[in-house]
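# Descriptive analysis of the structure
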Amino acid sequence: MKKIILITMLMSAVFAKSDCNRYNWRVYYNSDGKNMSDCYLRGANLRRANLTGANLTGANFTGAILTDADLRSANLYRADLTGAILEEADLTDANLTNAILEGANLENARLEGATLEGAILEGVRSSHISGKPASLPKGWSLVYGRLIKKDGE
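To start, this report covers the structure provided alongside it. Predicted model only: the values in this text are computed from it and were never measured.

A few words now on the pattern of salt bridges. For the structure shown, the criterion picks out four salt bridges. In this structure, E107 engages R125 in a salt bridge whose closest nitrogen and oxygen atoms are separated by 3.9 Å. Residue E107 is located in the loop between α2 (25-29) and β1 (140-143), and its partner R125 is located in the loop between α2 and β1; the two are separated by 18 residues in the primary sequence. Residue R125 is classed as partly exposed on the basis of its relative accessible area of 46%.

What follows is the structure in structure tokens.
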């Protein structure tokens, strides 16, 4: 019986990366350290959400609505933002290193000082982006407010 309980506890630890989700994320954001790492926010409506300085490492935002969200200084390292709507989002000084932004909408977003090194930007929609990012993935440039992949890269 003890072995079964131990195995159950270990399996729970392996599969339950985080209990943070689209319904209770505010509890995690309001905790010490604003730790929302591995939070499952797929398809969540976070329009105008204040996530300033949140630790969102490995969070899943696939298809989430983040229009006009405040993500200043947020840690989005390895976050999945596939198809997320980030129109008018403030990503000033955000860490988007190795984030997946494939097919995301970054129109009118602010990227001043944002780190995008290693980020996946294929299919990203961008226009009227303001601010100069601290870094971009290899082969990418910000030209007249648009993220552009250089030919041959």
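Let us keep going from here.
What follows deals with unusual backbone geometry. The residue D38 is not glycine, and still its phi comes out positive at about 60°. Relative to the elements of secondary structure, D38 occurs in the loop between α2 and β1. Overall, the relative accessible area of 27% leaves D38 in the partly exposed class.

Next up on the list: the state of the cysteines. For the structure on display, the rule yields one disulfide. Put simply, C20 and C39 are joined by a disulfide, and their sulfur atoms are 2.0 Å apart. Across the S-S bond of C20 and C39 the torsion is about -70°, and the bridge reads as left-handed. On the criterion of sequence distance, the pair formed by C20 in the loop between α1 (2-15) and α2 and C39 in the loop between α2 and β1 is long-range, its members being 19 residues apart. Each of the two residues, C20 as well as C39, counts as buried.

Attention shifts here to the nonpolar core. Burial of nonpolar side chains together is a common tendency in soluble globular proteins. Ranked by internal contacts, the top residues of the largest apolar core, which has 42 residues, are W25, M36, F61, L66, L81 and L86. The contact partners of F61, leaving out residues within four places of it in the chain, are L41, R42, L46, L56, L66, L76, D80, L81, T82 and A84.

Structurally, the position occupied by L106 is in the loop between α2 and β1. Taking the relative accessible area as the measure of exposure, L106 reaches 1% and is therefore buried. For the pair L106 and I85, spaced 21 residues apart in sequence, the C-alpha separation works out to 6.9 Å. If near-sequence neighbours (up to four positions away) are discounted, L106 is found in contact with L86, L91, V124, R125, S126, S127, I129 and L147.

Once that is clear, we can look at the pairing of β1. Looking at chain direction, β1 and strand β2 (residues 146-149) are connected through four bridges and run antiparallel. Of the residues in β2, the one forming a bridge with W140 is K149. Once β1 ends, the chain turns through two residues before running back antiparallel as β2, passing Y144 with a positive phi of about 50°.

Each value, and the rule that gives it
- Residues numbered from 1 in each chain as written.
- Predicted model: local features only at pLDDT ≥ 70, side-chain atom pairs only at ≥ 80, totals over all residues.
- Heavy atoms only, no water.
- Salt bridge = Lys/Arg side-chain N within 4 Å of Asp/Glu carboxyl O.
- Helix = DSSP H or I, 4+ residues; strand = E, 2+ residues; numbered from the N terminus.
- Buried < 20%, exposed > 50% of the residue type's maximum accessible area, 1.4 Å probe, protein only.
- Disulfide = S-S within 2.5 Å.
- Core = buried A, V, L, I, M, F, W, Y, C linked by side-chain atoms within 4.5 Å.
- Contact = heavy atoms within 4.5 Å.
- Pairing = 2+ DSSP bridges.

Remember that the coordinates give geometry; whether it matters functionally is a separate question.
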